[in-house]
Amino acid sequence: MSDEPTYTLPARPDTHSRDAAFGNGSSLSLRWAGATDPGRKRENNQDAFYAAYPLFIVADGMGGHIGGEIASQSVVTRMGEMAEAGTVSPEGISEALVRAVRDITEHPEATDEGTGTTLTGIYIDSDDDALSVVAMNVGDSRVYLQRGEQLMQVTTDHSLVQELVAAGRLSEEEAETHPYSNVITRAVGPTEHVTPDYVRIDVQAGDRYVICSDGLTKELTDYGILHFLHDNPDPADATNAMMIAALENGGRDNVSIVIVDVLEVSEPTA
């Protein structure tokens, strides 16, 4: 009889969609899906995600037995409240993160000084009479963009190995297996105020965004992510296929994935 642990494969998440029209006459059609799993090695899930128009984010918590859960859920909750109350903006995000940090600090079980969380994702911005996608990032969770046949990492990791790569002291290949690959240099937490990095991207029909914690990128290469996107046009199918592959490849960490598809875009009226 095998000593290998048995597990149940995750269920396929639901597909959601939204058609949005804006005051300048432009419109947008989106479809998305998201899922999170504790993985095969961790007792609890310190990841959290939020996926509802116009905001799609993933948070990967850290610190203490449940400190990471508190941190990631606090950020996701406060960011979700901001999105549901009105327009998403850098100012609104900063205010939401201040509230989240206060929640973390005041929580009786978040006493570990290392308590914090990554934050990454995208939101739809219709300011300045033009539609755009704005990607944000704190930490080493990532946003990828598939445009045509290419997969591009939109965000830049805030991590020790990324700093070494940028300084030319480490190659991309060496970074993948570096013993400090999980050491991040920025996080949302009670020790300091942080502002996400932002990247503004023009909106094109056919674009697909993958928002994920490092539990996915530890188990799948960029090529593997692109393979599952090509094979699964529906974001729920793609999310489920990537999740199963990450778990079957080891599932060494919590895994969170949100996939957002831009189906149609219409330009502003003259």
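In this report, we go over the structure that sits alongside the text. Note that the structure is predicted; figures quoted are calculated from it, not measured. (Residues numbered from 1 in each chain as written. Predicted model: local features only at pLDDT ≥ 70, side-chain atom pairs only at ≥ 80, totals over all residues. Heavy atoms only, no water.)

When helices and strands are counted, the chain shows seven helices and 12 strands. Of all 270 residues assigned to the chain, the portion counted as buried reaches 53%. Long-range pairs, those at least 24 residues apart, make up 67% of the contacts in the chain with a sequence separation of at least 6. (Helix = DSSP H or I, 4+ residues; strand = E, 2+ residues; numbered from the N terminus. Buried < 20%, exposed > 50% of the residue type's maximum accessible area, 1.4 Å probe, protein only. Contact = heavy atoms within 4.5 Å.)

In this fold, Arg40 is placed in the loop between strand S2 (27–37) and strand S3 (47–52). Distance in space between the C-alpha atoms of Arg40 and Arg252 is 6.0 Å, their sequence separation being 212 residues.

Turning to the pairing of S2, a few remarks are in order. Judged by how many residues are buried, S2 sits mostly within the fold: eight of 11 residues are covered. Alignment of strand S1 (residues 16–21) against S2, held across six bridges, turns out to be antiparallel. Residue pairing across strands places Asp19 opposite Ser29, the latter belonging to S2. Counting the residues that bridge the hairpin from S1 to S2 gives five residues, and of these Gly25 lies at a positive phi of roughly 95 degrees. Sheet analysis places S2 next to strand S12 (residues 255–266), joined by 11 bridges and oriented antiparallel. (Pairing = 2+ DSSP bridges.)

Read from one edge of the open sheet, six strands run S1-S2-S12-S11-S8-S9, paired in antiparallel fashion. Of all strands in the sheet, those with a lone pairing partner are S1 and strand S9 (150–153), marking the two edges. The sheet shows a mean angle of 20 degrees between the axes of neighbouring strands, direction not considered. (Axes fitted to C-alpha atoms, helices over the stretch in contact; angles between N-to-C directions.)

Following the sequence through the fold, Arg200 ends up in strand S10 (residues 197–202). For Arg200, the residues in contact, after removing those within four places along its chain, are Asp125, Ser132, Val133 and Val134. A polar side-chain atom of Arg200 sits 2.7 Å from a polar atom in the side chain of Asp125. In this structure the side chain of Arg200 is engaged in a polar contact, spanning 2.6 Å, whose partner is the side chain of Ser132. (Polar contact = N/O pair within 3.5 Å; in protein donor to acceptor, adjacent residues only side chain to side chain.)

With that settled, the discussion passes to the side chain of Asp60. Mapped onto the secondary structure, Asp60 falls in strand S4 (residues 55–62). For the buried Asp60, no salt bridge exists, and the shortest N-O distance to an oppositely charged side chain is 6.5 Å, to Lys218. If we skip the residues at most four places from it in the chain, Asp60 touches Gln46, Asp47, Gly116, Thr117, Thr118, Ser141, Ser213 and Asp214. (Lys, Arg positive; Asp, Glu negative; His and termini not counted. Salt bridge = Lys/Arg side-chain N within 4 Å of Asp/Glu carboxyl O.)

Let us look at the nonpolar core. Across soluble globular proteins, nonpolar side chains show a tendency to be buried alongside one another. Among the nonpolar cores identified, the biggest contains 23 residues, and Leu30, Phe56, Ile122, Tyr209 and Val260 are the most heavily contacted of them. For this core, the secondary-structure elements that each account for two or more residues are S2, S4, strand S6 (119–125), strand S7 (132–138), strand S8 (142–147), strand S11 (208–212) and S12. In this structure, Phe56 is in contact with Leu30, Trp32, Tyr50, Ala51, Thr120, Gly121, Ile122, Ile211, Val258 and Val260, ignoring residues within four places of it in sequence. One finds Tyr50, Ile57, Met79 and Ile93 within the second-largest nonpolar core, a separate group that totals 22 residues. (Core = buried A, V, L, I, M, F, W, Y, C linked by side-chain atoms within 4.5 Å.)

This structure, assessed with the given rule, holds 15 salt bridges. Asp103 serves as the salt-bridge partner of Arg78, at 2.7 Å between the closest nitrogen and oxygen. Here Arg78 is found in helix H1 (residues 67–85), whereas its partner Asp103 is found in helix H2 (residues 90–106), with 25 residues between them in sequence. Asp103 sits in the partly exposed class, given a relative accessible area of 23%. We note a salt bridge from Asp253 to Lys218, for which the minimum N-O separation is 3.0 Å. Here Asp253, found in the loop between helix H7 (235–248) and S12, pairs with Lys218, found in the loop between helix H5 (214–217) and helix H6 (222–231); they are 35 residues apart in sequence, far enough to count as distant. When its relative accessible area of 6% is taken as the criterion, Asp253 is described as buried. Its relative accessible area of 32% is what places Lys218 among the partly exposed residues. Where salt bridges share partners, they join Arg42, Asp214, Lys218 and Asp253 into one cluster.

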